[in-house]
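Results of the structural survey
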Amino acid sequence: MVRKLVQVAQKVGVSEATVSRVLNGRPGVSDSTRQAVLTALDVLGYERPTQLRGVRARLVGLVLPELQNPIFPALAEVAGGALVQLGFTPVLCTRSAGGLTEAEYVTMLLDQQVSGVIFCGGLTEDESAALKERNVPVVLLNAAVDHGGFPQVSTDDVAAVQQAYAHLTSLGHTRIGLMVGPADHTPSRRKAAAFTTLTHRTTTPHTHHPIGHALFSFEGGQAVATELLTTGITALICGSDVLALGAIRAARRQGLTVPRDLSVVGYDDSAFMNYTDPPLTTLRQPIEAMSRAAVTLLANQINGTNPTPKELLHEPELVVRHSTAPAPAPRDSP
């Protein structure tokens with residue numbers, strides 16, 4: 001108990017006596033100091049006294065599926081900064097091999113009496129039910145799965161495919177493929193549906209526009225792109241920058257040059273895509289606007305103000321660099 005008092009007092013910058021008054025529910029402590037002490041308890045991993053557990057902490061969970069894809073740290077950085085500006089303490093929870101699962105993180109966050117949770121990716125039905133049962137405000141940011149009842153902030157996948165497709169057709173490409181994530185991944189499913197609709201509407205019935213589903217990794221992109229290249233495509237739209245880099249490697253392994261033989265479009269505009277070889281043409285997600293919108297929706301729920309929309313769609317921006325070029329001449333031409 002003494003160690004707890006010392007650590008919490010040091011964390012907040014108050015006396016141990018002040019911490020003791022808060023823990024025992026005694027008067028003589030300002031609301032701001034009382035809240036700071038309770039938040040410090042949560043951050044340091046101590047359980048609140050029984051009589052204080054019903055008080056929500058000023059903690060907000062940021063649950064990420066991974067950190068290898070640069071898009072997730074970028075989302076967390078902006079969202080975390082926006083939360084701090086509103087007086088919340090972000091708690092970063094990342095799923096990793098051998099570490100805690102998302103379900104375990106949800107249990108931990110509930111035990112800490114968090115004010116709300118932002119999920120970058122998705123959550124299971126069981127996790128969703130647990131959060132709803134406890135009336136914890138939740139916002140989904142680029143949700144991997146469909147979950148009714150929670151507000152969402154997403155990039156407009158239909159607009160993304162339309163922009164990429166229009167860019168490639170303007171360069172003369174007619175044999176265009178699409179490579180996205182797993183079939184049960186909501187943004188990938190939306191991109192595939194938009195691509196199918198678009199190609200059926202703009203090309204002849206006999207034109208082949210293959211769609212490949214890959215794991216979201218460099219190796220996954222390389223493996224599926226290798227298969228797609230056998231169909232004779234001259235351009236490939238990818239569901240992430242990491243997949244696009246895998247596709248470029250696959251093309252080179254087959255003796256093809258990007259963009260002379262194959263044009264590649266990525267998605268995200270994550271860090272360093274301007275410095276790849278060649279610099280990657282990609283669809284930039286509006287990270288700043290999306291992250292801040294997610295925080296605003298969450299804060300509105302926490303404060304009980306303003307009804308939250310079902311989903312906010314943000315328009316991506318096509319960033320043209322050097323991985324796309326005019327379509328090559330037919331390979332059977334002289």
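Here, every reference points to the structure presented above.
Note that the structure is a prediction, hence the values are computed from the model and not measured.

So, how was this worked out
Residues numbered from 1 in each chain as written. Predicted model: local features only at pLDDT ≥ 70, side-chain atom pairs only at ≥ 80, totals over all residues. Heavy atoms only, no water. Pairing = 2+ DSSP bridges. Helix = DSSP H or I, 4+ residues; strand = E, 2+ residues; numbered from the N terminus. Axes fitted to C-alpha atoms, helices over the stretch in contact; angles between N-to-C directions. Contact = heavy atoms within 4.5 Å. Buried < 20%, exposed > 50% of the residue type's maximum accessible area, 1.4 Å probe, protein only. Right-handed = clockwise from strand over helix to strand, strands pointing away.

Reading across from one edge, E7-E6-E8-E9-E10-E12 is the order of the six strands in this open sheet, with mixed pairing throughout. A strand with exactly one partner marks an edge of an open sheet, and here the two such strands are strand E7 (211-213) and strand E12 (317-319). Taking the axes of each pair of neighbouring strands and ignoring which way they run, one obtains an average angle of 20° across the sheet. As defined by bridge partners, strand E8 (residues 235-238) adjoins strand E9 (residues 263-268) across three bridges and the pair is classed as parallel. Each residue of the ladder has a partner; that of Ile-237, found in E9, is Val-265. Where helix H7 (residues 157-170) meets the sheet, its contacts fall on strand E6 (176-180), E8, E9, strand E10 (281-284) and E12, and the angle it forms with E9 comes to roughly 160°. Running at roughly 155° to E6, helix H9 (residues 218-229) makes contact with E6, E7 and E8 of the sheet.

What follows concerns the sheet that holds strand E4 (residues 138-141). Reading across the sheet, the six strands line up as E2-E1-E3-E4-E5-E11 and stay open at both edges, with parallel pairing between neighbours. Across the chains shown, the open sheet's two edge strands, defined by having one partner strand only, are strand E2 (89-94) and strand E11 (311-314). Direction aside, the axes of adjacent strands within the sheet are offset by 15° on average. Bridge count between strand E3 (residues 116-120) and E4: four bridges; the pairing is parallel. Within the sheet, the bridge partner assigned to Ile-118 lies in E4 and is Val-139.

Moving on, we get to the pairing of E3. With five of its five residues buried, E3 lies for the most part within the structure. Because side chains alternate across E3, one face comprises the buried residues Gly-116, Ile-118 and Cys-120, and the other comprises Val-117 and Phe-119, equally buried. Of the strand pairs in this sheet, strand E1 (residues 59-64) and E3 are connected by four bridges, and their pairing is parallel. Of the residues in E3, the one forming a bridge with Gly-61 is Val-117. The handedness of the E3 to E4 crossover, carried by helix H6 (residues 125-133), is right-handed.

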